[in-house]
Amino acid sequence: MTLPKFKKIEINRYKPGKSKILRIRKVIKLSANESALGTSKKALKVLLKKNNIFKYPDNESTNLRIKIAKNFSLDEQKIICGSGSDEVIQILCQLFLEPGDEVIVPEYSFLMYRIYSKISGAKVKFAKEKNFKVSIKNILKNVTKFTKIVFIANPNNPTGTYLTKKELILLRKKLRSNILLVLDDAYVEYVKHLDYSSALKLFKGKENVFILRTFSKIYGLAALRVGWGYGSRKIIKAMNNIKPPFNVNKLAQIAAIKSLEDKNFLKKSVAHNIIWGNKIKNQLNKYDISTNKVNTNFLLLNFNNCKFSSKYVKTKLEKKGIILRSMESYNIKNCLRLTIGNVSENKKLILNLKRIFSKK
Ligand SMILES: *Cc1c(COP(=O)(O)O)cnc(C)c1O
């Protein structure tokens, strides 16, 4: 028999945050930046209705796009919804990239940018960061005449740091105007610092900026897979031409609409994150585990000054059913990423850290 020939694509497969531990039934999963407070009750309620799921969903997610447009004062024709913002990244890469093109990503960045770019045949260049923060200078250094897209998550995952308003404006100004700047605002709702601004606020009218948002994080709809992209009408139209039909399922569309209406849930989630993020950060600092400021619903824990290694602490916590994200696939040494959990999860984390560090 002959094996039909397929493409060999040089990528490391995406490994999701671990969610299971052998022999432990009830785990505390703090490895995937999911919502601490679960899902809005309003969104959950609408899922229980008779939603006629035997019918195909709306191909263009029209009602959801109208809702998003109203909520953020946007033109709904400049919005595309996807099965997670992940799919929007995939469609963007399919639309823009071909062999010979180059893409720039920060060295520690969301893995899907490099994966979809490589699948499209583009070369991925990694811009060095400075103290785990995206460096505009190093991004600009990597620009060549082949550069097509620069991807930046702001705040960045997995580092948790962000570029300020000023830095973003400067980057767009210095970047050649026919390079698409993709700004992924997956964690925008959590950031309350005055020198930070959402990409929508800064670049709503710019044709060479494309913005990504998701319902997987603060809105607590990760399992339904729904996110959206915002760009020029021409780009959105071209993306719609190549997107898979019915790409956002019906339950995702209606739950996303309801979750946008539940402002109270959003407010509570942000407040919870700031309170617990800082509590946990202070606790970690006592053990000489350093972290960034609380900018998102996760912290990057650096063990370089700590008496234990990241691996040791990770293993010890897992024995108690608490899962943190290994940073191996991101190539960050001696670090772990921790998602802020709910009250009981956070208390258990703090208690178990105390136990680990009380040993001599
Ligand atoms: C979690 C995350 C996403 C969200 O992906 P979905 O496909 O919408 O679930 C996108 N970008 C970044 C940087 C993320 O951390």
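The structure this text deals with has already been given above.
Note that the structure is predicted; figures quoted are calculated from it, not measured.

A. Examining the nonpolar core more closely. Grouped together as the largest cluster of nonpolar side chains are 47 residues, with contacts concentrated most on Ile68, Ile152, Phe215 and Trp228. Broken down by element, this core gets its largest block of residues, five residues, from helix H9 (residues 250-261). Non-local contacts of Ile68, meaning those with residues more than four positions away in its chain, are made with Leu74, Ile79, Cys81, Phe215, Trp228 and Leu260. Of all hydrophobic cores here, the second largest spans 33 residues; its members include Leu97, Tyr113, Ile115 and Leu300.

B. Representation of the sheet that holds strand E5 (residues 147-153) in the model. Pairing is mixed in the open sheet, where seven strands are placed in the order E2-E8-E7-E6-E5-E3-E4. What marks the edges here is a single partner per strand, and that holds for strand E2 (79-82) and strand E4 (123-127). Across the sheet, the mean angle separating the axes of adjacent strands is 20° when strand polarity is ignored. The sheet contact formed by strand E7 (residues 209-214) and strand E8 (residues 227-230) spans four bridges and is antiparallel.

C. Representation of the packing of aromatic side chains within the structure. The final tally for this structure, using the stated rule, is 11 aromatic pairs. Of the aromatic side chains, those joined through ring pairs into one cluster are Tyr287, Phe308, Tyr312 and Phe357. The ring of Trp276 carries Lys279 above its face, with NZ or CZ at 4.2 Å from the centroid.

D. View of unusual backbone geometry. Going from Asn154 to Pro155, the amide bond is cis rather than trans, its omega being -5°. The residue Pro155 is located in the loop between E5 and helix H6 (165-174) in this model. Of note, the amide linkage connecting Asn157 to Pro158 takes the cis form, showing an omega dihedral of 15°. Along the chain, the position of Pro158 falls in the loop between E5 and H6. The phi angle at Arg225 is positive, at roughly 65°, despite the residue not being glycine. As for its placement among the helices and strands, Arg225 is situated in the loop between E7 and E8.

Quick notes on the rules
Residues numbered from 1 in each chain as written. Predicted model: local features only at pLDDT ≥ 70, side-chain atom pairs only at ≥ 80, totals over all residues. Heavy atoms only, no water. Core = buried A, V, L, I, M, F, W, Y, C linked by side-chain atoms within 4.5 Å. Buried < 20%, exposed > 50% of the residue type's maximum accessible area, 1.4 Å probe, protein only. Helix = DSSP H or I, 4+ residues; strand = E, 2+ residues; numbered from the N terminus. Contact = heavy atoms within 4.5 Å. Pairing = 2+ DSSP bridges. Axes fitted to C-alpha atoms, helices over the stretch in contact; angles between N-to-C directions. Phe/Tyr/Trp six-rings, centres within 6.5 Å; stacked < 30°, edge-to-face > 60°. Lys NZ or Arg CZ within 6 Å of the ring centre and 35° of its normal.

Geometry only, nothing functional implied.
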